[in-house]
Structure formats: structure tokens, C-alpha cells
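Each chain, letter by letter, is given below.
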Amino acid sequence: MVNLITRLRKQSKKLLTPIARALSRSGVSPNVITSIGLILSMIYALVIYLTRNPLVGVLIIAISSFMDALDGEVARVLGKASPLGAFLDSSFDRLEDMFFITPLVFFGFSPFLVSILIGLSLTISYLRAKAELVGYKMEGRGIIERGERIIAIVIILIALYLNKEISIILFYVLIILSIVTVIQRFFVVIQSLKDKL
């Protein structure tokens with residue numbers, strides 16, 4: 001089933017393509033945009049640590065996520081999609097996940113559960129990478145991919161500003177959905193490999 005973010009990504013091209021074309025004409029490299037996204041995720045973690053202001057965090061995550069979407073579109077417009085760019089994008093995404101999730105401990109969330117969520121997030125991405133290595137397309141497989149996960153973190157941050165109890169419930173829901181996604185992807189890959197035997 002095609003997930004929500006996959007559908008939104010297709011619609012967002014109407015906004016991203018003109019911006020990507022403008023950046024490509026100015027000579028901005030897709031890898032530079034990718035790096036800016038990573039730097040913004042670090043700034044997010046630092047700002048949350050210093051201010052404990054979830055709404056400022058929401059703003060920085062939004063900008064960082066926009067950079068993540070924009071780098072691929074700039075690469076497409078320039079015709080410069082490359083193994084190096086794909087490697088940097090994937091690697092930096094994992095680091096960004098860590099920087100987006102870890103600061104939740106500063107709002108009183110259990111460090112143990114936060115670390116579990118980081119591990120689940122990395123595992124979800126790892127399973128996709130391994131599946132694609134054996135020729136199985138994993139995009140859209142699983143109830144919560146990276147895009148949904150980032151949206152969930154944003155919603156948790158907004159809930160923190162409004163009602164701490166609701167944010168805690170949403171945090172638990174995110175962990176449960178991440179566990180379900182790991183299980184889904186694991187069995188999808190296992191079944192696909194069995195079918196090839």
C-alpha cells in the first residue's frame with residue numbers, strides 16, 4: 001500500500017521543482033543541500049537542549065525536512081544523481097533521525113524508551129536497505145516510514161506545548177507503530193526471498 005508520505009511527495013514536486021530549477025541555475029550542489037539538512041538537525045538538537053522550546057524545534061525540523069526533499073529534486077533537475085549523493089543522503093538521514101529523536105529526553109521522556117525508538121528507526125531503514133540490495137523495492141512497505149516518523153515527532157512536539165499527557169500517549173503510539181513496521185518489513189523480505197527459492 002502506498003503510504004501517505006509517498007503520495008504527498010508526488011504532490012510536493014509541484015512546489016519543489018521550480019525551487020530546484022532556480023537552485024540548479026545558481027550552481028548549488030545537491031550534496032550541499034543534503035549537508036544543510038544535517039546541520040539543521042544538529043541545530044535543532046542544540047536549540048531544544050538550550051531552550052526546551054518544542055515549537056522552535058518544530059520550525060527547525062520543518063526546514064531540515066524541506067532540505068531533505070529538495071536535494072533529490074535538485075539532483076534530478078541537474079541530472080547529477082550519483083552513488084555518492086545517494087550514500088550521503090541515506091547516511092545523513094540516519095544521523096538526522098538520531099538528532100530528531102534524542103532531544104525528547106530533555107522533555108522528560110524515558111531515555112530507555114527514546115533509545116529504543118532510535119534503534120527501531122534505524123532498523124526500519126536498515127531493513128529497507130538490505131531488501132533493496134537483494135532487488136526488492138521496500139518503499140511504501142510498513143505502517144510508518146521515515147516521513148511519517150518525522151511528522152509524528154512534530155506532532156509530539158506540538159502536543160508537548162499543549163498537553164504533556166497527550167504527548168506521552170503519542171510517543172508510546174509511535175513506538176508501537178515502529179515495532180509493527182519492523183515486523184512487517186522483516187516478514188515481507190523473508191517472504192520475498194522464499195518466493196525466489
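A.B. asks: Which parts of the structure should I look at to understand the overall build of the protein chain?
C.D. replies: A tally of regular secondary structure across the protein chain gives 7 helices and 0 strands. The N-to-C order of helical and strand elements in the protein chain reads α-α-α-α-α-α-α. Relative to its length of 197 residues, the protein chain is compact, with a C-alpha radius of gyration of 17 Å against a globular reference of 16 Å. Here the C-alpha coordinates of the protein chain stretch approximately 50 × 45 × 25 Å along the principal axes. Residues classed as buried in the protein chain amount to 40% of the 197 residues present.

A.B. asks: I'm lost on the environment of S29 in this one. Help?
C.D. replies: Note that S29 resides in the loop between α1 (4–26) and α2 (30–51). C-alpha of S29 to C-alpha of I175: the two residues are 146 residues apart in sequence and 36 Å apart in space.

A.B. asks: Looking at this structure, I do not really get the packing of helix α3 (residues 54–78) against helix α6 (residues 146–162). What am I missing?
C.D. replies: Packed helix pairs are specified by the crossing angle of their axes together with the interaxial distance, meaning the distance between the axes. Contact geometry of α3 with α6 gives a least axis separation of 8 Å together with a crossing angle of 165 degrees. If you check the angle between α3 and α6, you find them roughly antiparallel. When you trace α3 past α6, the crossing you get is left-handed. Of α6, the residues touching α3 (which contributes P54, L55, G57, V58, I61, S65 and D68) are R146, I150, I153, V154, L157, I158, L160 and Y161. Of the residues contributing to the contact of α3 with α6, the split by class is 11 nonpolar, 2 polar and 2 charged.

A.B. asks: I'm lost on the packing of aromatic side chains in this one. Help?
C.D. replies: The description of an aromatic ring pair rests on the distance of the ring centres and on the angle between the ring planes. For the coordinates displayed, the defined rule picks out 5 aromatic pairs. Aromatic side chains F186 and F187 sit 5.5 Å apart centroid to centroid with 90 degrees between the ring planes, which places their arrangement in the edge-to-face category. Of the residues examined, F186 reaches a relative accessible area of 42% and is grouped as partly exposed. You can call F187 exposed: its relative accessible area is 54%. The structure contains a cluster of three or more aromatic residues connected by ring pairs, namely F109, F171 and Y172. Looking at K164, its charged tip hangs above the ring of F109, at a distance of 5.9 Å from the centre.

A.B. asks: Looking at this model, I keep getting lost on the environment of L122. Mind explaining?
C.D. replies: With respect to the helices and strands, L122 occurs in helix α5 (residues 111–133). Considered as a pair, L122 and S110 are 12 residues apart in the sequence and their alpha carbons are 18 Å apart.

A.B. asks: Looking at this structure, how should I read the packing of α3 against helix α4 (residues 83–101)?
C.D. replies: The N-to-C vectors of α3 and α4 enclose an angle of 170 degrees; their axes lie 12 Å apart at closest approach. Taken as axis vectors, α3 and α4 run roughly antiparallel relative to one another. Contact residues: α3 offers I61, S64, D68 and D71, while α4 offers D89, D93, E96 and F100. Residues that form the contact of α3 with α4 fall into these classes: 2 nonpolar, 1 polar and 5 charged.

Definitions and limits used
- Residues numbered from 1 in each chain as written.
- Predicted model: local features only at pLDDT ≥ 70, side-chain atom pairs only at ≥ 80, totals over all residues.
- Heavy atoms only, no water.
- Helix = DSSP H or I, 4+ residues; strand = E, 2+ residues; numbered from the N terminus.
- Rg over C-alpha atoms; globule rule 2.2 N^0.38 Å.
- Buried < 20%, exposed > 50% of the residue type's maximum accessible area, 1.4 Å probe, protein only.
- Axes fitted to C-alpha atoms, helices over the stretch in contact; angles between N-to-C directions.
- Parallel < 35°, antiparallel > 145°, perpendicular 65-115°, else oblique.
- Left-handed = near helix turned anticlockwise from the far one by under 90°.
- Contact = heavy atoms within 4.5 Å.
- Nonpolar A, V, L, I, M, F, W, Y, C, P; charged D, E, K, R; others polar.
- Phe/Tyr/Trp six-rings, centres within 6.5 Å; stacked < 30°, edge-to-face > 60°.
- Lys NZ or Arg CZ within 6 Å of the ring centre and 35° of its normal.

Shape is all these values report; function is a separate question.
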